[in-house]
Amino acid sequence: MATDLITDVIIMGGCGRMGGTLVRLAQKDPQLNLKAVIERADRLNELENLDCVLSSDLDEVLSQTPRAVVVEFTSPEATVEHVGICKRHGNPIVIGTTGLSPEQLAIVKEAATRTPVLLAPNMSVGVNVLLKVLPMLVQMLGPDYDMEMMEIHHNRKKDAPSGTAIKLAECMANARGWDYDEVKKHARDGIIGERQEKELGVVALRGGDVVGDHTAYFFGPGERIEVTHRAHSRENFAQGALRAAKWLAKREPERLYGIGDTL
């Protein structure tokens, strides 16, 4: 295979659940070359079987790997640090981190004007197709249908609601001409009165080892429509992220990209 068809990738957090899945799938993909894995210094010994650069210093690795695409599902704080390093070196970065604050998101968006950046709260192709389909349902069903969103994740997930649930709910609100921040209801408790017409509830459930379920509800007169996406394994997200890495490697900094751009 011609070398110009092979994308160099660097995986962040190789000992983590998503990081480990990304490493395993990248090794199997003939269109990818696993150049390096970044992990804390005290855990690098767990990765000694890998045939690539192992380091705890992303800055140092990027100085030796121009245009290698960084792929990460870490924490919001770490993401801001890593995107700054990528911006400085000009390396593309695919970000699957959720829970970014508005201030952190602004930093990521600014970096996207200097180096290629793709950010997606959910790397699943199916979820990103839903982002295109749900607005059609909203418009076709009309204002008589109340809209709600429910998500379920494993008991170790730190942020709620999930970034995916928020993104899906935002697209539904926008399709109805609403400002999501004005109509969202992330919790209901006590005597809250009747449901308002201009309201969109987002419910988060946590338990067990659920990878990720998201259901959009449309409650109408005499009927209910449910649209559900269930992720069966983390490979779904990892495959989407690696697919995005191949796509992003050929792009120039222009704006903050999303998975929808790769479809």
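The coordinates are above.
Note that the structure is predicted; figures quoted are calculated from it, not measured. All residue numbers here refer to positions counted from 1 along the written sequence of the relevant chain. Local features are withheld for residues below a pLDDT of 70 in this predicted model, meaning they are given only at 70 or higher, and side-chain atom pairs are given and counted only at 80 or more; totals for whole chains, interfaces and linings count all residues. Hydrogen atoms and water are omitted, and side-chain values are computed over all heavy atoms in the structure.

Attention now goes to the overall build of the protein chain. Numbering of helices and strands runs from the N terminus; a helix is a DSSP stretch of H or I covering at least four residues, while a strand is a stretch of E covering at least two. For the protein chain, the count of helices and strands is eight helices and eleven strands. The atom set for the radius of gyration is the C-alpha atoms, and the globule formula is 2.2 Å times the number of residues raised to the power 0.38. Relative to the globule expectation of 18 Å for 263 residues, the C-alpha radius of gyration of the protein chain, 20 Å, shows essentially globular dimensions. The principal-axis extent of the C-alpha atoms belonging to the protein chain is close to 60 × 35 × 35 Å. For the protein chain, buried positions account for 47% of its 263 residues. Three exposure classes are used, based on accessible area relative to the maximum for each residue type with a 1.4 Å probe and protein chains only: buried under 20%, partly exposed in between, and exposed over 50%.

Let us look at the sheet that holds strand 6 (residues 117–119). Hydrogen bonds between backbone atoms are what pair the strands of a sheet, whose relative direction is either parallel or antiparallel. Should DSSP find at least two bridges between two strands, the strands are regarded as paired. In spatial order, the strands read 3-2-1-4-5-6; together these six strands make up an open sheet with parallel pairing. A single partner strand is all that each edge strand has here, and the edge strands are strand 3 (53–55) and strand 6. Taken pair by pair, the neighbouring strands of this sheet meet at an average axis angle of 20 degrees, ignoring direction. Pairing analysis gives three bridges linking strand 4 (residues 69–72) to strand 5 (residues 93–95), with the strands arranged parallel. Bridge pairing in strand 5 places Glu72 opposite Ile95. Most of the contacts of helix 3 (residues 76–89) go to strand 5, to which it runs at about 165 degrees, and overall it touches strand 1 (7–12), strand 4, strand 5 and strand 6. The axes used here are C-alpha line fits, helices contributing only the stretch in contact, and every angle between their N-to-C directions lies in the interval 0 to 180 degrees. Any two residues having at least one pair of non-hydrogen atoms within 4.5 Å are treated as being in contact.

Note that Ala241 resides in helix 8 (residues 235–248). Classification of Ala241 by relative accessible area gives buried; the value is 0%. The spatial distance from the C-alpha of Ala241 to the C-alpha of Ile95 is 8.1 Å, given a sequence separation of 146 residues.

With that settled, the discussion passes to the pairing of strand 1. Counting buried residues along strand 1, five of its six residues qualify, which places the element largely inside the surrounding structure. By definition, the crossover connecting two strands over a helix is right-handed if that path, from the first strand to the second, turns clockwise as seen with the strands pointing away from the viewer. Between the parallel pair strand 1 and strand 2 (residues 32–38), the chain is carried across by helix 1 (residues 17–28), and the sense of this crossover is right-handed. Strand direction decides the pairing type here: strand 1 and strand 4, joined by three bridges, are parallel. Bridging from a neighbouring strand, Val9 pairs with Val69 of strand 4.

Moving on, we come to the pattern of salt bridges. Throughout this description, the term salt bridge denotes a Lys or Arg side-chain nitrogen within 4 Å of a carboxyl oxygen of Asp or Glu. If you walk through the whole model with that rule in mind, you get 16 salt bridges. Notably, a salt bridge pairs Asp29 with Lys246, separated by 2.6 Å at the nearest N-O pair. Of this pair, Asp29 sits in the loop between helix 1 and strand 2 while Lys246 is found in helix 8, placing the two residues 217 residues apart along the sequence. For the pair Asp29 and Lys246, a shared accessibility class is recorded, and that class is buried.

This part covers helix 3. A helix's residues, less one, multiplied by 1.5 Å, set its expected span. Taking 1.5 Å of rise per residue, 14 residues should cover 20 Å, and helix 3 covers 20 Å from first to last C-alpha, within 8% of that figure. Three or more residues of helix 3 are buried, namely Pro76, Ala78, Thr79, His82, Val83, Ile85 and Cys86. Against strand 1, helix 2 (58–62), strand 4, strand 5, helix 4 (102–111) and strand 6 lie the buried residues of helix 3. Within two residues after helix 3, Gly90 carries a phi angle of roughly 85 degrees, on the positive side.

Turning our eyes to something else, we now look at the layout of surface pockets. Where empty space is left in the structure can be found by rolling a water-sized probe over the atoms. Approximately 1,200 Å³ is the volume found for the largest pocket. The wall of the largest pocket is formed by 41 residues, among which Arg17, Met18, Phe73, Thr74 and Ser75 lie closest to the centre. Secondary structure elements with two or more residues in the lining of the largest pocket: helix 1, helix 3, helix 6 (163–175), strand 10 (212–220) and strand 11 (223–231). Under the scheme applied, nonpolar residues are Ala, Val, Leu, Ile, Met, Phe, Trp, Tyr, Cys and Pro; charged residues are Asp, Glu, Lys and Arg; polar residues are all the others, including Gly. Of the residues belonging to the lining of the largest pocket, the class tally is twelve nonpolar, 20 polar and nine charged. Estimated volume of the second largest pocket: approximately 900 Å³. Here a cavity denotes a set of grid points, spaced 1 Å apart and computed over the protein atoms alone, in which a 1.4 Å probe fits but from which it cannot get out, and a pocket denotes an open set meeting protein on both sides within 12 Å along at least five of seven lines; residues with an atom within 4 Å of a point are reported as lining. Grid points are joined across faces, edges and corners, and a volume is the space filled by probe spheres set on the points.

The next thing to look at is the nonpolar core. Within this scheme, the nonpolar core is defined by two criteria: the residues are buried Ala, Val, Leu, Ile, Met, Phe, Trp, Tyr or Cys, and they are joined through side-chain atoms within 4.5 Å. Core analysis: the largest hydrophobic core is formed by 32 residues, its most contacted members being Val9, Ile11, Leu22, Leu34, Val94, Leu118 and Met123. The biggest single contributor to this core is helix 8, with eight residues. With sequence-adjacent residues up to four places away left out, Leu118 is seen in contact with Ile93, Val94, Ile95, Met123, Ala244, Trp247, Leu248, Tyr257, Gly258, Ile259 and Thr262. If you look at the next biggest cluster of nonpolar residues, it comprises 22 residues, including Leu130, Tyr145, Ala173 and Trp178.

Looking now at unusual backbone geometry. Along the chain, Ala160 connects to Pro161 via a cis peptide bond; the corresponding omega equals -10 degrees. As for its position among the elements, Pro161 is in the loop between strand 7 (146–153) and helix 6. Backbone geometry at Arg67 places phi at a positive 70 degrees, although glycine is not the residue there. Along the chain, Arg67 turns up in the loop between helix 2 and strand 4. What makes Arg67 partly exposed here is its relative accessible area of 34%.

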